[in-house]
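# Understanding the architecture of this molecule
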Amino acid sequence: METLAARILSNEYAEGAVLDLPALQQELDVSLTALREALKVLTAKGLIDARQKRGTFVRPREVWNLLDADVMRWQTADPANTDLFDQLSEVRAVIEPAAARLAAERADEEDVVALADALDRMAGAGNLAGMITADLDFHRLLLTMTGNVFLSQIERVITIGLAERDRIVHGAAPADDLVPAHRAVLDAVAAKDAEGAEAAMRELLTKSGEDLARLTKRAPRSAR
C-alpha cells in the first residue's frame, strides 16, 4: 500500500494512469488478495478508483482525501515537497494563533500545568524524538484547551506536518532552541492574556517558517 501510495504521490503514476495489476503483483511479490486489500485502502482515501473496461486508475489530485492521516504522513515524509509544507504553515497560521487566544480565555489550572509539563519535557529532551514528542504534545494541548471539538480534530493534520517539520529543522546542526518561543505562549495562556497568547503564537509560527525556509533554501511563501 505504501509503495503504491508513494508512486502516486510522487507522480510516478500520473493522474489517470491505469495500474497493471498482474505486473504489480509479480513485481511486489504479493498475493492477489494482498494487492486487492491495498487497493481497497487507497480507493477509500480517494487516490484510485476502478471502472469496468478501464481498470484501476489514479484519480485527479483534487479529489484525494488530503486530510487523511496516512495521506498527510506519506506526503510530508518527502522533505523536498516544500509546497506542501508552505501550505501546512498557512493552515497553522490561520488556526493556531486563534486557538492560543481561546486557550488563554478558557484554560483551567490543570490545563496550564499540563502545558507547562510539555514545555519542561521539551526543554529537557535528550534526543530529537523526545523533543518532537513534547512539541507535538504542546500544540495538541493548546488545541484541546480551546474546548472546541473541531479544533481538537484538526490537531491530527497539524501535528503530522509539524512532526516532519521538526525532524527537518531540529534534526539539523546546530538546531535552534525552540523553548523560548513556546514559553512565551505558555506564559500568556497562564496569565489569561488572550491577545498576548495570540501574538506569541504568531511570532512562534513566523520563526518556524523562517527556520524551515532557511534549511530548504527558499523564501517563506508569504515573501514570494
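See the structure shown above.
Description of the structure in this document. Bear in mind that the values here come from a model prediction, so they are computed numbers and not experimental data.

### A few points about the nonpolar core
Counting 30 residues, the largest nonpolar core has Leu 115, Met 122, Phe 138, Leu 142, Val 185, Val 189 and Met 201 as the members making the most contacts within it. If you list the elements that add at least two residues to this core, you get helix H5 (82-106), helix H6 (109-124), helix H7 (128-145), helix H8 (149-169), helix H9 (179-190) and helix H10 (194-216). Broken down by element, this core gets its largest block of residues, 7 residues, from H7. Non-local contacts of Met 201, meaning those with residues more than four positions away in its chain, are made with Glu 96, Pro 97, Ala 100, His 139, Leu 142 and Val 185. Judged by nonpolar contacts, the second largest core, of 16 residues, contains Tyr 13, Leu 35, Ile 48 and Trp 64.

### A word on the side chain of Asp 68
Along the chain, the position of Asp 68 falls in the loop between strand E2 (55-58) and helix H4 (69-76). A polar contact is formed between the side chain of Asp 68 and the backbone nitrogen of Asp 70, at a distance of 2.9 Å. For Asp 68, the side chain forms a polar contact with the main-chain nitrogen of Val 71, separated by 3.1 Å.

### As for the environment of Gln 153
Position of Gln 153 among the secondary structure elements: in helix H8. The class for Gln 153 is partly exposed, based on a relative accessible area of 45%. C-alpha of Gln 153 to C-alpha of Leu 143: the two residues are 10 residues apart in sequence and 8.8 Å apart in space.

### Things to note about the packing of helix H1 (residues 2-9) against helix H2 (residues 21-28)
Contact geometry of H1 with H2 gives a least axis separation of 12 Å together with a crossing angle of 120°. Considering the angle they form, H1 stands oblique to H2. The residues of H2 that touch H1, namely those facing Thr 3, Leu 4 and Arg 7, are Leu 24, Glu 27 and Leu 28. Residues that form the contact of H1 with H2 fall into these classes: 3 nonpolar, 1 polar and 2 charged.

### Section: the pattern of salt bridges
By the definition in use, this model includes 18 salt bridges. A salt bridge links Arg 121 to Asp 137; its shortest N-O distance comes to 3.1 Å. Taken together, the residues Arg 121 in helix H6 and Asp 137 in helix H7 connect sequence positions 16 residues apart. Across the salt bridge formed by Arg 167 and Glu 164, the nearest N and O atoms sit 2.9 Å from each other. Of this pair, Arg 167 and Glu 164 both sit in helix H8, 3 residues apart, roughly one helical turn.

### Looking at the side chain of Asp 49
By the element assignment, Asp 49 lies in strand E1 (residues 48-51). A polar contact is formed between the side chain of Asp 49 and the side chain of Arg 51, at a distance of 2.8 Å. Filtering out sequence-adjacent residues up to four positions away, Asp 49 remains in contact with Gly 55, Thr 56, Phe 57 and Arg 59.

### Some details on H8
In a regular helix each residue adds 1.5 Å, so 21 residues correspond to 30 Å; H8 covers 30 Å between its end C-alpha atoms and thus fits that length. The axis of H8 is deflected most strongly, by about 30°, at Glu 155. One side-chain oxygen of the residue at the start of H8 lies 2.9 Å from the amide nitrogen of Phe 150, identifying that residue as Asn 148.

Quick notes on the rules
Residues numbered from 1 in each chain as written. Predicted model: local features only at pLDDT ≥ 70, side-chain atom pairs only at ≥ 80, totals over all residues. Heavy atoms only, no water. Core = buried A, V, L, I, M, F, W, Y, C linked by side-chain atoms within 4.5 Å. Buried < 20%, exposed > 50% of the residue type's maximum accessible area, 1.4 Å probe, protein only. Helix = DSSP H or I, 4+ residues; strand = E, 2+ residues; numbered from the N terminus. Contact = heavy atoms within 4.5 Å. Polar contact = N/O pair within 3.5 Å; in protein donor to acceptor, adjacent residues only side chain to side chain. Axes fitted to C-alpha atoms, helices over the stretch in contact; angles between N-to-C directions. Parallel < 35°, antiparallel > 145°, perpendicular 65-115°, else oblique. Nonpolar A, V, L, I, M, F, W, Y, C, P; charged D, E, K, R; others polar. Salt bridge = Lys/Arg side-chain N within 4 Å of Asp/Glu carboxyl O. Expected span 1.5 Å × (residues − 1). Bend = angle between axes of the 7 residues up to and from the residue.

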